[in-house]
Amino acid sequence: MDNKTAYRYNDVITRLSRSYDGGASERDQREKAEWKQHERSDYLDLVLREGKTRLLEIGAGTGQDALFFQEGGLEVTVTDLSSEMIARCRSKGLDARQADFLSLEVTPGSVEALYAMNCLLHVPNTDLPDVLSALSDVLVPGGLFFLGVYGGEDPSENEFPHDKHDPPRFFSFRSDEQMRSYVSAHFEIVNFHVVENESIHFQSFTLRKPVV
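As the structure is a prediction and not an experimental result, all values here were calculated from the model.

(A) Fine view of the overall build of the protein. Scanning the protein from terminus to terminus reveals six helices and nine strands. For a compact globule of 212 residues, the expected C-alpha radius of gyration is about 17 Å, and the protein comes in at 16 Å, within 12% of that figure. The C-alpha extent of the protein, read off along each of the three principal axes, is 45 × 40 × 35 Å. Here the contacts in the protein between residues at least 6 apart in sequence split such that 68% fall between residues at least 24 apart. For the protein, the accessible surface area stands at approximately 10100 Å², while carbon and sulfur atoms represent 46% of it. For the protein, the distance from the average site of its 22 positive side-chain charges to the average site of its 35 negative ones is 2 Å.

(B) Structural context of the pattern of salt bridges. Counted by the stated rule, this structure contains 12 salt bridges. Residues K52 and E50 are paired through a salt bridge, measuring 3.5 Å at the closest nitrogen-oxygen approach. The network of salt bridges with common partners includes D28, R88 and K92.

(C) Structural view of the pairing of strand β8 (residues 188-196). With eight bridges connecting them, β8 and strand β9 (residues 201-208) associate as antiparallel partners. Bridge pairing in β9 links E196 to H201. Taking the residues between adjacent antiparallel strands as the criterion, β8 and β9 are bridged by four residues.

(D) Structural view of the packing of aromatic side chains. Enumeration according to the criterion identifies 16 aromatic pairs in this entry. Taken together, a centroid distance of 6.3 Å and an interplanar angle of 85° make the contact between Y43 and F69 edge-to-face. In this pair, Y43 sits in helix α2 (residues 34-49) while F69 sits in helix α3 (residues 64-71), placing the two residues 26 residues apart along the sequence. Accessibility assignment for this pair places Y43 and F69 in one class, buried. Aromatic side chains F68 and F69 sit 5.5 Å apart centroid to centroid with 65° between the ring planes, which places their arrangement in the edge-to-face category. Pairwise contacts between aromatic rings join Y43, F68, F69, Y115 and F146 into one cluster. For the cation-ring pair, R40 lies above F68, with the distance from its terminal atom to the ring centre recorded as 4.4 Å. Looking at R174, its charged tip hangs above the ring of Y182, at a distance of 5.9 Å from the centre.

(E) Quick peek at the nonpolar core. Ranked by size, the top nonpolar core spans 38 residues in total, and within it I58, L120, F145 and L147 carry the most contacts. Those elements giving two or more residues to this core turn out to be α1 (9-29), β4 (111-117), α5 (128-138), β5 (139-150), β7 (170-173), α6 (176-184) and β9. For this core, the element with the highest residue contribution is α1, accounting for six residues. Excluding residues within four positions of it along the chain, L120 makes contact with I58, F101, V131, L132, L135, F145, L147, V149 and R174. Grouped together as the second largest cluster of nonpolar side chains are 24 residues, V76, L94, Y115 and L144 included.

(F) Seen up close, the environment of E112. In this fold, E112 is placed in strand β4. E112 sits 31 residues away from L81 along the chain, and the two C-alpha atoms are 22 Å apart. In this structure, E112 is in contact with K52, T53, R54, L139, V140, G143 and L144, ignoring residues within four places of it in sequence. Reaching out from E112, the side chain makes a polar contact with the backbone nitrogen of T53 at a distance of 2.6 Å.

(G) Main features of the packing of α2 against α3. The N-to-C vectors of α2 and α3 enclose an angle of 35°; their axes lie 11 Å apart at closest approach. Relative to α3, the crossing made by α2 is right-handed. Within the contact between the two elements, α2 uses R40, S41, Y43 and L44 and α3 uses Q64, D65, F68 and F69. Partitioning the contact of α2 with α3 into residue classes produces four nonpolar, two polar and two charged.

(H) Here's a closer look at the side chain of Q203. Among the secondary structure elements, Q203 is positioned in strand β9. At 3.5 Å, the side chain of Q203 and the backbone oxygen of S175 are in polar contact. Here D176 takes part through its side chain, which lies 2.9 Å from a polar atom of the side chain of Q203. Contacts of Q203, omitting those with residues within four sequence positions, involve L147, G148, V149, Y150, G151, G152, R174, S175, D176, M179, F192 and H193.

What counts as what
Residues numbered from 1 in each chain as written. Predicted model: local features only at pLDDT ≥ 70, side-chain atom pairs only at ≥ 80, totals over all residues. Heavy atoms only, no water. Helix = DSSP H or I, 4+ residues; strand = E, 2+ residues; numbered from the N terminus. Rg over C-alpha atoms; globule rule 2.2 N^0.38 Å. Contact = heavy atoms within 4.5 Å. Areas by Shrake-Rupley, 256 points an atom, 1.4 Å probe, with all protein chains shown as cover. Lys, Arg positive; Asp, Glu negative; His and termini not counted. Charge placed at Lys NZ, Arg CZ, Asp CG, Glu CD. Salt bridge = Lys/Arg side-chain N within 4 Å of Asp/Glu carboxyl O. Pairing = 2+ DSSP bridges. Phe/Tyr/Trp six-rings, centres within 6.5 Å; stacked < 30°, edge-to-face > 60°. Buried < 20%, exposed > 50% of the residue type's maximum accessible area, 1.4 Å probe, protein only. Lys NZ or Arg CZ within 6 Å of the ring centre and 35° of its normal. Core = buried A, V, L, I, M, F, W, Y, C linked by side-chain atoms within 4.5 Å. Polar contact = N/O pair within 3.5 Å; in protein donor to acceptor, adjacent residues only side chain to side chain. Axes fitted to C-alpha atoms, helices over the stretch in contact; angles between N-to-C directions. Left-handed = near helix turned anticlockwise from the far one by under 90°. Nonpolar A, V, L, I, M, F, W, Y, C, P; charged D, E, K, R; others polar.

So this is what it looks like as C-alpha cells:
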C-alpha cells in the first residue's frame, strides 16, 4: 500500500492485533522511558487531586502503566486489541478486556479518567472523529483524558514497510495543529505540550469532557 491508500480503522485492526500478539514478550521486558514515567506520574497526580477514582486505559499493551495507576490507588480497567497483551495484563492482576476503540463495551458516562498512550496513532484520520466521540461517551461530564501520540510537522499515514513487527503496523502521524483541531471538537484542552528530542515529537494532551 502507498500513501494514497484510503485506510480505514476496521481494515487495520486485525493486522494490528496480530502484530502486537507477536511483540508482547519483548515489550513486556522493555524499560519504560523516563519521560513516559513523568507523563503518567503527572497525570496520576491530577486525577488524584480531583478526587477521581475510576480509570480506563485503552491500548494498554502489557499493562505496565495500568499497574502503576492501580498501585497509585485507582480502580483500573484496561482494553487492548491483542489477546497476548490482555493475557499479560491479567497476569499482573488487572481487569483486562480484549476490545477495539469503537467496541469498548463500557457503560456510557461511567469512566472518570481515561488514558491512551501511543495507541490512537493507529487510527486513520478518517475514523479518528468517531473514535474520539466514542471515548467522550464513556467519560463522565468533567472527566479527564490523557492522550499522548507521536506526531510532527510532516503528517503521514501508512504501514511501515520495515517495521520490526509482523505484519507491519499502520501509523497516522499528525501535526500539532491537526491534533488540536481533532480533540477540540470533543474535549476542552487542559494542557498541551510537546516532548521532543532528536528522535521523537510526542504530543501530550490532557483533556476534559465538557460539563453541559
